[in-house]
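# Commentary on secondary and tertiary structure
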Amino acid sequence: MNKFITTIKNIFAIEDLRMRIFNTLFFIAIYRLGSYVVLPGVDPTRLTQGGATGVLGILDTLLGGAFSHASIFALGIMPYISASIVLQLLTIAVPYFQKLQKEGESGRKKINQYTRVLTIPIVALQSVGFIATINADAIVNPGVFFTVSTAIIVTAGTLFCMWLGEKITDKGIGNGISMIIMIGIVSRLPGALIGEATARTMRGSLIFLIELVVLFLVVMAVIILTQAVRQIPVQYAKQIGGAASLSSQRQYIPMKVNAAGVMPIIFAQSLMFVPAIAASAWNKNSDTATLIGTWFQPDHLVYNVVFGLLIIIFTYFYTAISVNPNQIADDLKRSGGFIPGVKPGRDTSEYIDEVLTRITLPGAVALAVIAILPSLATVAGVTRPFAQFYGGTSLIIMVGVVLDTMNQVKSYLLMRHYDGMMKTGKVRGRSQNIALAS
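Residues numbered from 1 in each chain as written. Predicted model: local features only at pLDDT ≥ 70, side-chain atom pairs only at ≥ 80, totals over all residues. Heavy atoms only, no water.

The protein chain goes by Protein translocase subunit SecY in an unreviewed UniProt entry, where it is assigned to Hymenobacter luteus. Listed in UniProt under the heading Sequence similarities (unreviewed entry), the comment for the protein chain reads: "Belongs to the SecY/SEC61-alpha family." (UniProt positions renumbered as here; feature names shortened; annotations may be inferred.)

Encoded structure:
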């Protein structure tokens, strides 16, 4: 406990880190307040009680209740995620975007700009589907004006959420887009926990205790999956004074089992929203719309099979675009490194690609299994709001974002530690030399 308190003190002792934490909390507070601002022309007392259900209920969980509250942030950051998927696909199919991806930081900025622009038409289309999900009795004056004005407001709300996410990344701590999604999820956890405890108290507290133990084990499994790596040994020739190689140093290339992180589950979930929203916007009395709406419910077999396959596909896809075996092989060759028993160059690239392909398969399958655990928990009798935290999007995003944020905080502490060593160590004349140089 003392170590934990000391760590907290060290975190807030760093001025830059302290300001970033406060900035992050400030931006998160703005987002949460906006999630409760109801759209003009909607009577909140007539909205459907209990929130959205099915796949729209999962969307509502990711958005922290903004969807069911018919707020100005009703679609949140999800259209931006959809635009990111489209741009990622274009980097594979279109040579122009492939060129941008290889240009480094400047190319990444251009791709981000295209993503922002593409978000506008996507959220405009999705807002029409969202309007169709609002209870007709809650709309005070339905008509063309309400539809157009609501689409504009929801679009502006998504763009504002996108801006908040970028500000958190630049001025705060952690990845802003993922942080906004995680905050929406965490905001529903206390209510889901209380609801499950209340339901289980009537039948017996032992079942609730078992559920908590199982949840703990699932969280540990997700952490292991997120942190698991396959180390590829690398040998470096060590030279002294330009002489021949006198000795060698062995290091390792850490290849993550789940190199794609949280992105496959977000991408797959974004695509799974499309059929449900399309079915809601379609003629509700249509047999086709009813069939699609039934298939793409979280408890349906079709939904879980398609969801799992999309996660596996996106895991391979995102791993392929984030880890480049050719570049790793070239960097090793330039730095004088080699993998024992493998020739430098093309053979090294093929070896790394083979290892990456082998370890990605179990990682992708495990990710898909964890993603469909909430459906299994619901079948086992867990209440739906609490079952969504047994895996799936909610748990994977929370674990991924928390670990990423902790790593960033750790890097700040390490930098401060080493800087403190330089200031208090035996490096004499440090400040004087800087003064003379200036």
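### What about the environment of G129?
With respect to the element layout, G129 can be found in helix α6 (residues 105-133). Take G129: its relative accessible area is 3%, and that puts it in the buried class. (Helix = DSSP H or I, 4+ residues; strand = E, 2+ residues; numbered from the N terminus. Buried < 20%, exposed > 50% of the residue type's maximum accessible area, 1.4 Å probe, protein only.)

### Side note on helix α2 (residues 15-34)
Its 20 residues place the ends of α2 29 Å apart at the C-alpha level, agreeing with the 28 Å of an ideal helix rising 1.5 Å per residue. Burial in α2 covers these residues: L17, R20, I21, T24, F27, I28, Y31, R32 and G34. Here the buried residues of α2 occupy an arc of 160 degrees about the axis, which is enough to place them on one side. Exposed and facing more than 90 degrees away from the buried side of α2 are E15, L25, F26 and L33. (Expected span 1.5 Å × (residues − 1). Arc of directions from axis to C-beta.)

### Considerations on the pattern of salt bridges
Taken as a whole and assessed by the stated rule, the structure comprises five salt bridges. Between R20 and D16 there is a salt bridge, with its nearest N and O atoms 3.7 Å apart. Of this pair, R20 and D16 both sit in helix α2, four residues apart, which is roughly one turn of the helix. Accessibility expressed as a relative area gives 41% for D16, which makes it partly exposed. Here R116 and E166 are joined by a salt bridge, their closest N and O atoms 2.6 Å apart. Taken as a pair, R116 in helix α6 and E166 in helix α7 (residues 144-171) lie far apart in primary sequence, 50 residues in all. (Salt bridge = Lys/Arg side-chain N within 4 Å of Asp/Glu carboxyl O.)

### Let's talk about unusual backbone geometry
In the Ramachandran plot, A70 falls in the positive-phi region, its phi being about 55 degrees despite a non-glycine side chain. When you line up the elements, A70 lands in the loop between α3 (54-62) and α4 (78-93). Among the residues examined, A70 registers a relative accessible area of 1% and is labelled buried.

### What about the side chain of S82?
As for its placement among the helices and strands, S82 is situated in helix α4. Taking relative accessible area as the criterion, S82 reaches 14% and is therefore assigned buried. Leave out the neighbours within four places in its chain, and S82 touches I122, Q126 and S270. (Contact = heavy atoms within 4.5 Å.)

### Looking at the layout of surface pockets
Its volume calculated, the largest pocket comes out at about 1,400 Å³. Every residue lining the largest pocket is counted, 45 residues in all, and those nearest its centre are Q88, R108, N175, M263 and Y318. With seven residues, the single largest contributor to the lining of the largest pocket is α6. Class assignment for the residues of the lining of the largest pocket results in 16 nonpolar, 22 polar and seven charged. Taken domain by domain, the lining of the largest pocket gets at least three of its residues from each of domain 1 (1-172) and domain 2 (189-235 + 251-411). (1 Å grid on protein atoms, 1.4 Å probe; cavity = no way out; pocket = protein on both sides within 12 Å on 5 of 7 lines; lining within 4 Å. Points joined across faces, edges and corners; volume = space filled by probe spheres on them. Nonpolar A, V, L, I, M, F, W, Y, C, P; charged D, E, K, R; others polar. Domains from an automatic or database assignment.)

### Focus: the nonpolar core
One finds I77, F130, I265 and I397 to be the most contacted residues of the largest nonpolar core, which totals 78 residues. Here this core spans two domains, and each of domain 1 (1-172) and domain 2 (189-235 + 251-411) adds at least three residues to it. Not counting the four nearest positions on each side in its chain, I77 is found in contact with L63, C161, M162, I177 and I181. Residues I232, M255, I339 and V355 belong to the second largest nonpolar core, which totals twelve residues. (Core = buried A, V, L, I, M, F, W, Y, C linked by side-chain atoms within 4.5 Å.)

### As for helix α13 (residues 301-322)
Residues separated by three or four positions in an α-helix point in the same direction, a consequence of the helix having 3.6 residues per turn. With 22 residues, α13 extends 31 Å from end C-alpha to end C-alpha; this agrees with the ideal 32 Å at 1.5 Å per step. For α13, the full list of buried residues reads Y303, N304, F307, G308, L310, I311, F314, T315, F317, Y318 and T319.

### Thoughts on empty space enclosed by the protein
Space left empty within the atom packing is revealed by a probe, the size of a water molecule, rolled over the atoms. In this structure the tally under the stated criterion is two cavities of 30 Å³ or more. What the second largest cavity holds in volume is close to 60 Å³. Lining the second largest cavity are V222, L225, T226, N258, G261, V262, L367, I396 and G400. Mapped onto the lining of the second largest cavity, the elements with two or more residues apiece are α10 (205-227) and α18 (392-424). Top contributing element to the lining of the second largest cavity by residue count: α10, with three residues.

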